Every structure is written in C-alpha cells, then in structure tokens.
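What follows is the residue order along each chain.
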Amino acid sequence: QSEQVVAIIYNSCSTKSLVRDMEGLMQAFDVKDFRSYNFFPGTSYTASLTYLIRKRKTTLVIPVGPAGVGKSTLAAKLRSGGVDISWWQRDEVFKQLREQGFGLNKTKQLVHQDLLSFLRNTNGILYLDSTNGNYEARQLYIKQSNADRIIYVSLQPTATGETVLEALLENTRNRLGPNDANHPSFPRTVEGQRKKHLNILKGISYPTVAETSSIESIIPCDPFEAVDTLPFQVFLEISTSQSIKEAVVAEFRIT
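Residues numbered from 1 in each chain as written. Predicted model: local features only at pLDDT ≥ 70, side-chain atom pairs only at ≥ 80, totals over all residues. Heavy atoms only, no water.

Quick notes on helix H3 (residues 90-99)
Inference 1: Turning to H3, its buried residues number three or more, namely Val93, Phe94, Lys95 and Leu97.
Inference 2: Buried residues along H3 sit in contact with strand E5 (85-89) and helix H4 (104-121).
Inference 3: Backbone geometry just after H3 places Gly101 at a positive phi near 95°. (Buried < 20%, exposed > 50% of the residue type's maximum accessible area, 1.4 Å probe, protein only. Helix = DSSP H or I, 4+ residues; strand = E, 2+ residues; numbered from the N terminus. Contact = heavy atoms within 4.5 Å.)

The structure is reproduced here in structure tokens:
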C-alpha cells in the first residue's frame, strides 16, 4: 500500500490467485502489460506475468487570464521542458468543429461538451487552455475532473485601463488577418480585437481569497513582468513530492 511502490511485476502460476490479487491491486495500479505462458501443453497449468504501474494522480492546472497573456505559451514551455501534460486547447477544438461546418452556437455547445469529457476521462496533469474567467465554471471543472490537486495560475496584469489594453493588443497582433488558423474565434481587425479584449476584461473574474482558501496552490503572475520563471514555478507545484521540489530547487540554484 506504500506509495513508494510505483511498479509491480507479478508472476503467477495460478489463475485463481491472479484474479484474487488483481481485485485488490487494481484499485491502486493499472495493468501496463500482460503475458500468458503455456509451459505444459495439454494440462490445465498456465503461468503469467503482469506488469502493473501505480495509477497516476490527477493534477488540474487552471490558468486564468484574458487572451494574449501567454496561457498557450506556458503550456508549450511546460511540455518542451519535459512535463507530460494533457493539453486541452479551446481554440483548437473550436477550429476543428467550425471546419466541420457547425454553426457558432452549436460549436460553443460542443466545445463545452468536449471539455467536460476531457475532464472526466483524462488522468495525469490536465492543463485547461482557456480564459477560465468565471468562478462557477472553475468550480464545475474541479468537480468534473475529481482531481487530487488543483493549481491556479492567475495571470492578472497589475496595469489597468488603456495601458493593459495596449499590451494585450500588442500580444495578439499575430492574430490579425486571415493567416492565423489557431484562433478562429478571434477578430481579424485591430478594432475588433480591441472590443474583444474590453469584453473579456470586463467579464473576467480572477480567483479571490475565499475561492483559493480550498485550493492547494495558486501562482499569481503579472503576464507583462515576471514571466521568465513562471514555467519553473508551475513545474515545482506540479511536483507532488516535497523531496523532489527541494532537489530540483537545489539543482536550479547550482546551475
């Protein structure tokens, strides 16, 4: 039952004991591989080897912030750095559905269904690449995922008004024109983007102290200032073992 045991190679020469033991083991382990051997043909004797690995705990990473603050960039850096994330991208799902000919309202409905399916059926490290700016929606995501750990990444600019608006527009200039296929729901003109940003900024709700009191980790970050170390901070929070965190910090300081 110790969580230090991460894998088991189970050698069985009895199907009865195999069935009995698997009922208990599979509560904490998944079968990675299985081989059955017929060493004595013509008899009822069989042998088998089962390779089991401990079930992965589910960590749900919820970045919160408007378009242009680097939510997709953060996910890409985590993955390129070796973090095995399951990356759900709203824009990518939206694009695929629109290319299949669905109307706007139907697409939004199907995107939501796809997200809930992802949360219910995916284990490991889940990364929700969307604005996530609604309190009720975040609570729904947490409930549907049944995650062991929740990490909020609050990408809230300290600047306000026209300053933050201009910074967001600068970061989304690559979405202008017809060449950006990755953000099909985003306006193709500067004025359209300005209105989109204003609507998002007006409606976004960042995590409050009351909300985060029940969350294991929250990482606040101004997306226009201290962002270089953000992937490393998220990586450390994803690491569930305190000893691993301490070792990684030590290595980081040495290098």
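Having seen the structure, we can now continue with the description.
Quick notes on the sheet that holds strand E1 (residues 7-12)
Across a sheet, strands are paired by hydrogen bonds formed along the backbone, either parallel or antiparallel in direction.
Inference 1: If you walk across this open sheet you meet the 3 strands as E1-E3-E2, and the pairing is antiparallel. Unpaired on one side and paired on the other, E1 and strand E2 (29-37) mark the two borders of the sheet. On average, adjacent strands in this sheet sit at an angle of 15° to one another, irrespective of strand direction.
Inference 2: Each of E1, E2 and strand E3 (47-54) is contacted by helix H1 (residues 15-25), which is oriented at about 165° to E1, the strand it contacts most. (Pairing = 2+ DSSP bridges. Axes fitted to C-alpha atoms, helices over the stretch in contact; angles between N-to-C directions.)

Some details on the packing of aromatic side chains
By convention here, two paired aromatic rings are described through the distance between centres and the angle between planes.
Inference 1: For the structure on display, the rule yields 2 aromatic pairs.
Inference 2: Relative to Phe39, the ring of Tyr37 lies with its centre 5.6 Å away and its plane at 5°, an arrangement referred to as stacked.
Inference 3: Using a relative accessible area of 31% as the deciding quantity, one classes Tyr37 as partly exposed.
Inference 4: For Phe39, a relative accessible area of 53% corresponds to the exposed category.
Inference 5: With centroids separated by 5.2 Å and ring planes inclined at 70°, the aromatic side chains of Phe40 and Tyr45 adopt a geometry described as edge-to-face.
Inference 6: Assessed through its relative accessible area of 31%, Tyr45 is described here as partly exposed.
Inference 7: Lying across the ring of Tyr152, Arg138 places its NZ or CZ 5.8 Å from the centre. (Phe/Tyr/Trp six-rings, centres within 6.5 Å; stacked < 30°, edge-to-face > 60°. Lys NZ or Arg CZ within 6 Å of the ring centre and 35° of its normal.)

Comments concerning H4
Inference 1: The end-to-end C-alpha separation of H4 is 26 Å, in line with the 26 Å expected for 18 residues at 1.5 Å each.
Inference 2: Restricting attention to buried positions, one finds in H4 the residues Thr107, Leu110, Val111, Leu115, Leu116, Phe118 and Leu119.
Inference 3: The elements touched by buried residues of H4 are strand E4 (59-64), E5, H3, strand E6 (125-129) and helix H5 (135-145). (Expected span 1.5 Å × (residues − 1).)

A few points about the packing of H3 against H4
Inference 1: Two numbers describe how H3 lies on H4: the axes approach to 9 Å, and their chain directions differ by 135°. Considering the angle they form, H3 stands oblique to H4. Note that H3 runs across H4; the crossing there is right-handed. Counted together, Arg90, Val93, Phe94, Leu97 and Arg98 of H3 and Leu104, Thr107, Leu110, Val111 and Asp114 of H4 form the full contact between these two elements.
Inference 2: For the contact of H3 with H4, the residue count by class is 6 nonpolar, 1 polar and 3 charged. (Parallel < 35°, antiparallel > 145°, perpendicular 65-115°, else oblique. Left-handed = near helix turned anticlockwise from the far one by under 90°. Nonpolar A, V, L, I, M, F, W, Y, C, P; charged D, E, K, R; others polar.)

A short note on the sheet that holds strand E7 (residues 149-155)
Inference 1: Spatially, 5 strands are ordered E5-E6-E4-E7-E8 in an open sheet, and the strand pairing comes out parallel. Where the open sheet ends on each side, the last strands, each with one partner, are E5 and strand E8 (217-221). Recorded for the sheet is a direction-independent mean angle of 15° between the axes of neighbouring strands.
Inference 2: Against the sheet, H5 engages E4, E6 and E7, with an angle of about 165° to E4.

Quick look at the packing of helix H2 (residues 71-80) against helix H9 (residues 230-238)
Inference 1: H9 packs onto H2 with a crossing angle of 65° between their chain directions and a minimal axis gap of 10 Å. As H2 packs across H9, the resulting crossing turns out to be right-handed. Where H2 approaches H9, its residues Leu74, Lys77 and Leu78 are matched on the opposing element by Leu230, Pro231, Val234 and Phe235.
Inference 2: A per-class count over the contact of H2 with H9 returns 6 nonpolar, no polar and 1 charged.

These results come straight from atomic positions and should not be treated as a statement about function.
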